[in-house]
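Single-letter residue listing:
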Amino acid sequence: LTIADEVNPHLLNDAELTHPEDLAPALGASDSGLNTSSVITVNSQCADDALNALESDQGPDVVLYFAHRAALSCDGENAQPALTRLLEEGLKSGLGIVVLHHGLYVDFINRGAKAELLHLLGAESDSIEWNTETGQRVINVAGEHFITSNGVIYEEEATFTGSTDINAGTYPAFSNLPDELYEITRLHEVVGETRTSLFASDSGDERILGYVLQRNGWSGRVVAYQPGEYQPNALDNRDGPNFQILVNALYFTVHGSD
């Protein structure tokens with residue numbers, strides 16, 4: 001189940017922008033690397049089908065959350081509290097959630113409307129830069145973790161000076177050019193949680209780009225990955241690192257590394 005919406009602050013053309021309707025065909029394609037029985041996309045601004053799917057006894061194994069905006073029902077009522085509750089219940093019962101790109105971003109029109117969900121998902125992002133000169137460097141700080149290593153090719157090495165959760169060192173990396181940078185990313189941490197940092201960047205301020213999160217009482221897990229604005233890198237290049245990371249994340253939330 002994909003919950004998604006679209007914004008285009010940089011006025012990209014159709015071939016450049018990752019649209020919500022592009023996700024299901026890419027992930028359901030024969031060359032995606034996934035074996036899926038059903039891939040559906042629901043607009044966050046008419047979220048009834050998503051709520052119904054999450055309430056179903058035969059709900060999704062994994063939710064791909066790619067929504068800037070807080071959820072509305074199809075009659076325009078606030079559906080964000082219901083969505084947050086159902087996702088939290090899902091995590092407790094084994095649901096996987098992959099948060100792609102602007103899923104981590106605050107609601108840019110109704111700031112604070114996604115706050116409870118972003119705390120559940122473990123982080124929030126703010127402030128954007130569209131960088132067409134150097135793009136964004138994606139640094140694998142998780143070694144041989146399934147998400148960062150399975151089928152992912154790195155063409156660079158990067159020296160990372162380190163942060164609270166990431167040791168200083170030299171790591172494999174690749175660069176996305178162009179890319180949308182989220183210059184501010186704030187983690188929402190809970191006592192007793194288990195969080196594995198997957199990716200970081202030193203493009204602009206050093207910051208985390210991806211992680212795996214589990215908390216007490218959850219049987220499921222959250223995976224977040226920030227790059228995703230530019231469709232040729234995010235979806236069209238099936239052999240590229242970004243698409244492989246997304247596929248790995250979806251698989252890992254359901255199956256682990258088995």
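Refer to the preceding data block for the structure.
The rules behind the values
- Residues numbered from 1 in each chain as written.
- Predicted model: local features only at pLDDT ≥ 70, side-chain atom pairs only at ≥ 80, totals over all residues.
- Heavy atoms only, no water.
- 1 Å grid on protein atoms, 1.4 Å probe; cavity = no way out; pocket = protein on both sides within 12 Å on 5 of 7 lines; lining within 4 Å.
- Points joined across faces, edges and corners; volume = space filled by probe spheres on them.
- Helix = DSSP H or I, 4+ residues; strand = E, 2+ residues; numbered from the N terminus.
- Nonpolar A, V, L, I, M, F, W, Y, C, P; charged D, E, K, R; others polar.
- Buried < 20%, exposed > 50% of the residue type's maximum accessible area, 1.4 Å probe, protein only.
- Pairing = 2+ DSSP bridges.
- Phe/Tyr/Trp six-rings, centres within 6.5 Å; stacked < 30°, edge-to-face > 60°.
- Lys NZ or Arg CZ within 6 Å of the ring centre and 35° of its normal.
- Polar contact = N/O pair within 3.5 Å; in protein donor to acceptor, adjacent residues only side chain to side chain.
- Contact = heavy atoms within 4.5 Å.
- Core = buried A, V, L, I, M, F, W, Y, C linked by side-chain atoms within 4.5 Å.
- Disulfide = S-S within 2.5 Å.
- Axes fitted to C-alpha atoms, helices over the stretch in contact; angles between N-to-C directions.

### With respect to the layout of surface pockets
Phase 1 of the analysis: There is about 600 Å³ of room inside the largest pocket.
Phase 2 of the analysis: Lining of the largest pocket is provided by 22 residues; of these, Thr36, Ser37, Ser38, Asp61 and Val62 occupy positions nearest its centre.
Phase 3 of the analysis: Only strand S3 (62-66) and helix H7 (241-255) provide two or more residues apiece to the lining of the largest pocket.
Phase 4 of the analysis: With four residues, the single largest contributor to the lining of the largest pocket is H7.
Phase 5 of the analysis: Each residue belonging to the lining of the largest pocket can be placed in one class, and the counts come to twelve nonpolar, nine polar and one charged.

### Here we look at empty space enclosed by the protein
Phase 1 of the analysis: Under the defined criterion, the tally for this structure stands at four cavities of 30 Å³ or more.
Phase 2 of the analysis: The computed volume of the largest cavity comes to approximately 80 Å³.
Phase 3 of the analysis: Lining the largest cavity, in full, are Leu104, Ala123, Ser125, Tyr182, Thr185, Arg207, Ile208, Leu209, Gly210, Tyr211, Ala224 and Gln226.
Phase 4 of the analysis: Considering every element that reaches the lining of the largest cavity, the biggest residue donor is strand S11 (residues 207-214), with five residues.

### Side note on the pairing of strand S10 (residues 194-201)
If a strand is regular, its side chains alternate between the two faces of the sheet.
Phase 1 of the analysis: Burial analysis of S10 places six of its eight residues in the buried class, the great majority of the element.
Phase 2 of the analysis: Sheet analysis places strand S6 (residues 136-140) next to S10, joined by two bridges and oriented antiparallel. Bridge pairing links Asn140 to Phe199 in S10.
Phase 3 of the analysis: Counting the residues that bridge the hairpin from S10 to S11 gives five residues, and of these Gly204 lies at a positive phi of roughly 80°.

### Some thoughts on the packing of aromatic side chains
Phase 1 of the analysis: All told, the structure shown has six aromatic pairs when counted by the stated rule.
Phase 2 of the analysis: Taking the centre distance of 6.5 Å and the plane angle of 20° together, the rings of Phe146 and Phe252 count as stacked. Separated by 106 residues along the polypeptide, Phe146 in helix H5 (residues 146-149) and Phe252 in helix H7 bring together distant segments of the chain. Each of the two residues, Phe146 as well as Phe252, counts as buried.
Phase 3 of the analysis: Centre to centre, the rings of Tyr154 and Phe174 are 5.9 Å apart; their planes meet at 40°, and the pair counts as tilted. Highlighted residues: Tyr154 in the loop between H5 and strand S7 (156-160) and Phe174 in strand S8 (residues 169-176), separated in sequence by 20 residues.
Phase 4 of the analysis: The cationic tip of Arg195 hangs over the ring face of Tyr211; the distance from NZ or CZ to the ring centre is 4.6 Å.

### Notes on the side chain of His101
Phase 1 of the analysis: Mapped onto the elements of the fold, His101 is located in the loop between strand S4 (96-100) and helix H4 (115-121).
Phase 2 of the analysis: Within polar-contact distance, the side chain of His101 engages the backbone oxygen of Gln226 at 2.6 Å.
Phase 3 of the analysis: For His101, the contacting residues outside a window of four places in its chain are Phe66, Glu180, Tyr182, Tyr225, Gln226, Pro227, Gly228 and Glu229.

### Notes on the nonpolar core
Phase 1 of the analysis: Core analysis: the biggest nonpolar cluster contains 32 residues, and Ile147 and Phe199 have the highest contact counts within it.
Phase 2 of the analysis: The dominant element in this core, judged by the number of residues it contributes, is H7, at seven residues.
Phase 3 of the analysis: Those residues in contact with Ile147 that sit more than four places away from it in its chain are Val152, Leu198, Phe199, Val212, Val223, Ile245, Asn248, Ala249 and Phe252.
Phase 4 of the analysis: By size, the runner-up hydrophobic cluster in this structure holds 31 residues, among which are Leu95, Ile97, Ala123 and Trp218.

### Description of the state of the cysteines
Phase 1 of the analysis: Under the counting rule described, the total for this entry stands at one disulfide.
Phase 2 of the analysis: Two residues, Cys46 and Cys74, share a disulfide whose sulfurs are 1.9 Å apart. Negative torsions about the S-S bond denote left-handed disulfides, and the value of about 95° found for Cys46 with Cys74 makes this one right-handed. With Cys46 in the loop between strand S2 (41-43) and helix H2 (48-55) and Cys74 in the loop between S3 and helix H3 (80-93), the pair connects residues that are 28 residues apart, well separated along the chain.
Phase 3 of the analysis: Given a relative accessible area of 35%, Cys46 falls into the partly exposed group.

### Quick word on the sheet that holds S4
Phase 1 of the analysis: The mixed open sheet is built from ten strands, whose spatial order is S2-S1-S3-S4-S12-S11-S10-S6-S8-S7. With one partner strand each, in any of the chains shown, S2 and S7 form the two edges of the open sheet. Between one strand and the next, the sheet's axes are offset by a mean angle of 25°, whatever the strand orientation.
Phase 2 of the analysis: Inspection of the sheet shows S4 paired to strand S12 (residues 222-225) by four bridges, in the parallel sense. By the bridge assignment, Val98 is partnered in S12 with Val223.
Phase 3 of the analysis: Against the sheet, H3 touches strand S1 (2-4), S3, S4 and S12, its axis set at about 140° to S3.
Phase 4 of the analysis: Packed on one face of the sheet, H7 meets S3, S4, S8, S10, S11 and S12 and runs near 160° to S4.

Shape is all these values report; function is a separate question.
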